[in-house]
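# Geometric and topological summary
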Amino acid sequence: TITISASGANAGYISFYKGPIFASDCSTINEQKGISIEFLYYCLLLRQNAIYKCQTGGAQPHIHAKDIKDIGFAMPSDISEQKRIASIIESMDEEISSLETKKAKYEQIKQGMMQQLLTGKIRLIEGRSPNLRTHHLDIAYSFFHPLLRDGVYDRDIGTRDKDEALISPCEP
């Protein structure tokens, strides 16, 4: 089901739900013969800004179905082609979501490392100049992974000896 928010600051916002939903204060579009609902969703999403511009009203903007009925887009007549196109776009969305999740994890690791390194709770071992591009996860895992307090965790190799560690806890 595709929903188009009907009122409020986000009137015209396009959403897609794969399962059944209870919808209120929105227009809905359900699967129809000869049209891939996923393809239609991406077509509408491509026109998101044009749909927002159809808002009417002042303090409480509204979008009604009649306001957006004339927004057009090209659509292949072959439903299998529509589904292939939608599948490719959906795969790209999934990849973007995965990368955003990884980015958030790296930002958390960075924040923790900054706090630990900049407050002096851990320090780099003298005489070692790690390439942080390749070793930053080793440093983070060695300090933050509770089972590996005495070593450095290497995702590909496993635990290495603590003498190879690039960081050491600061003495109290």
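Notes on the structure in this doc start here. (Residues numbered from 1 in each chain as written. Predicted model: local features only at pLDDT ≥ 70, side-chain atom pairs only at ≥ 80, totals over all residues. Heavy atoms only, no water.)

### Topic: the overall build of the protein chain
This is how it is decided: Numbering of helices and strands runs from the N terminus, with a helix taken as a DSSP run of H or I at least four residues long and a strand as a DSSP run of E at least two residues long. Accessible area is worked out with a 1.4 Å probe on protein chains only. A residue is then buried under 20% of its type maximum, exposed over 50%, and partly exposed in between. All accessibility values rest on the Shrake-Rupley procedure with a 1.4 Å probe; residue burial counts only the protein chains present in the view.
A tally of helices and strands in the protein chain yields five helices and seven strands. The linear arrangement of helices and strands in the protein chain, starting from the amino end, is β-β-β-α-α-α-α-β-α-β-β-β. Among the 172 residues that make up the protein chain, the fraction classed as buried is 28%. As presented, the protein chain carries roughly 12100 Å² of accessible surface, and 53% of it is formed by carbon and sulfur atoms.

### Some points on helix 4 (residues 79-118)
We apply this condition: Expected helix span is given by 1.5 Å per residue-to-residue step, counting one fewer step than there are residues.
With 40 residues, helix 4 ought to run about 58 Å at 1.5 Å a step, and its terminal C-alpha atoms sit 57 Å apart, in line with that. Of the residues one or two after helix 4, Gly120 is the one with positive phi, at around 85°.

### Considering the sheet that holds strand 3 (residues 26-29)
Selection rule: In this scheme, strands are said to pair when DSSP sees at least two bridges between them. All axes are obtained by fitting lines to C-alpha atoms, using only the stretch in contact for helices, and the reported angles, taken between N-to-C directions, cover 0 to 180 degrees. Contacts: residue pairs with any heavy atoms within 4.5 Å of one another.
Here three strands make up an open sheet; going across it, the order is 2-1-3 and the pairing antiparallel. Each edge of the open sheet carries a strand with a single partner, namely strand 2 (14-16) and strand 3. Shown here is a sheet whose adjacent strand axes are inclined to one another by a mean of 25°, direction ignored. Of the strand pairs in this sheet, strand 1 (residues 2-5) and strand 2 are connected by three bridges, and their pairing is antiparallel. Of the residues in strand 2, the one forming a bridge with Ile4 is Ile14. In the packing of helix 1 (residues 37-46) onto the sheet, the strands contacted are strand 1, strand 2 and strand 3, and the crossing angle to strand 2 comes to about 160°.

### A closer look at the packing of aromatic side chains
Stated formally: Aromatic rings from Phe, Tyr and Trp, with only the six-membered ring used for Trp, were paired whenever their centres fell within 6.5 Å, and each pair was classed as stacked if the ring planes differed by under 30 degrees, edge-to-face if by over 60, and tilted otherwise.
Following the criterion strictly, the structure yields two aromatic pairs and no others. Seen from their ring centres, Phe16 and Tyr41 are 5.3 Å apart, and the 35° between their planes marks the pair as tilted. Taken together, the positions of Phe16 in strand 2 and Tyr41 in helix 1 put the pair 25 residues apart, joining distant regions of the chain. Aromatic rings pair up to connect Phe16, Tyr41 and Tyr42 into one cluster.

### Digging into helix 1
The buried fraction of helix 1 amounts to seven of the ten residues, a majority that puts the element mostly inside the structure. Looking at helix 1, one finds that the buried residues are Ile37, Phe39, Leu40, Tyr41, Tyr42, Cys43 and Leu44.

### Quick notes on the nonpolar core
For clarity, the cut-off: Among the buried residues, those of types Ala, Val, Leu, Ile, Met, Phe, Trp, Tyr and Cys that are joined through side-chain atoms within 4.5 Å form a nonpolar core.
One finds Ile2, Ile4, Ile14, Leu44, Ile51, Ile63 and Ile68 to be the most contacted residues of the largest nonpolar core, which totals 16 residues. Once residues within four sequence positions are removed from consideration, Ile2 is found in contact with Ile14, Ser15, Phe16, Ser27, Thr28, Ile29, Ile37, Leu40, Tyr41 and Leu44.

### Details of the pattern of salt bridges
Any two side chains of opposite charge can pair, so long as their charged atoms come close to each other. Basically, it comes down to this: Every case where a carboxyl oxygen of Asp or Glu lies within 4 Å of a side-chain nitrogen of Lys or Arg is listed as a salt bridge.
Applying the stated rule across the entire model yields three salt bridges. Lys66 is paired through a salt bridge with Asp67; the nearest N and O atoms lie 3.9 Å apart. In this structure Lys66 comes out as exposed when scored by relative accessible area, which is 60%. The exposure class of Asp67 is partly exposed, given its relative accessible area of 21%. Between Lys103 and Glu107 there is a salt bridge, and its shortest N-O distance comes to 3.1 Å.

Don't take any of this as a statement about function, it's just geometry.
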